[in-house]
Amino acid sequence: EYLVTVDKKVTHPFCKRMAGGLPILGTKTRKCVVEQTGVRSFRIVLTQGLNRQIRRMCEFLGYEVVTLKRVRIMNVPLDVPVGHWRDLTQAELNEIHRLTASSQKTHRGSKKPRPRS
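The structure displayed is predicted, hence computed values, not measured ones.

Procedures and definitions
- Residues numbered from 1 in each chain as written.
- Predicted model: local features only at pLDDT ≥ 70, side-chain atom pairs only at ≥ 80, totals over all residues.
- Heavy atoms only, no water.
- Pairing = 2+ DSSP bridges.
- Helix = DSSP H or I, 4+ residues; strand = E, 2+ residues; numbered from the N terminus.
- Axes fitted to C-alpha atoms, helices over the stretch in contact; angles between N-to-C directions.
- Contact = heavy atoms within 4.5 Å.
- Buried < 20%, exposed > 50% of the residue type's maximum accessible area, 1.4 Å probe, protein only.

A closer look at the sheet that holds strand E1 (residues 2–6)
Part 1 of the argument: Read from one edge to the other, the open sheet built from 4 strands follows the order E4-E5-E1-E6, with strand pairing classed as antiparallel. Either end of the sheet is taken by a strand with one partner, and the two such strands are strand E4 (33–38) and strand E6 (65–70). Averaged over neighbouring strand pairs, the angle between their axes works out to 20 degrees when direction is ignored.
Part 2 of the argument: Two strands pair when backbone bridges link them, and E4 and strand E5 (residues 41–45) are joined in this way by 5 bridges, in the antiparallel orientation. Paired with Val34 across the bridge in E5 is Ile44.
Part 3 of the argument: Here helix H1 (residues 12–20) sits on the sheet and contacts E4 and E5; the angle it forms with E4, its principal contact strand, is near 150 degrees.
Part 4 of the argument: Each of E1, E5 and E6 touches helix H2 (residues 53–60); the most contacted strand, E6, lies at about 150 degrees to it.

What to know about unusual backbone geometry
As a rule of thumb, non-glycine residues mostly have phi less than zero, and peptide bonds are mostly trans rather than cis.
Part 1 of the argument: One non-glycine residue, Arg52, lies in positive phi territory at about 50 degrees.
Part 2 of the argument: With respect to the helices and strands, the residue Arg52 is situated in the loop between E5 and H2.
Part 3 of the argument: The class for Arg52 is exposed, based on a relative accessible area of 52%.
Part 4 of the argument: With a phi angle near 55 degrees, Met74 is a residue other than glycine that sits in the positive phi range.

Scope: geometric values only; no functional claims are made or implied.
Spelled out as structure tokens, the structure:
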């Protein structure tokens with residue numbers, strides 16, 4: 001999840017197009033959640049992480065990113081001050097394990113292949 005500020009007014013059509021997926025890097029981005037948070041700002045929750053994805057999506061629509069801040073990874077809020085750290089809570093760890101249990105790209109997921117239908 002990211003908070004983004006751009007150089008122009010954010011509109012409903014802009015948010016709808018961003019959320020629906022855009023062609024960048026030779027592929028179409030996955031659908032995502034986009035919510036306007038201010039005149040020139042929005043919140044975006046991605047389900048994939050292509051190189052400079054948000055900047056490229058904005059550029060495709062004629063916008064330039066002014067600020068970009070990551071505020072969450074999966075279920076873990078990134079609310080720790082710069083230079084500090086904290087342990088993940090047991091609830092956060094449990095949720096991460098649940099969310100990655102069937103992943104083919106994680107050690108946990110590779111032990112139990114996902115059943116095919």
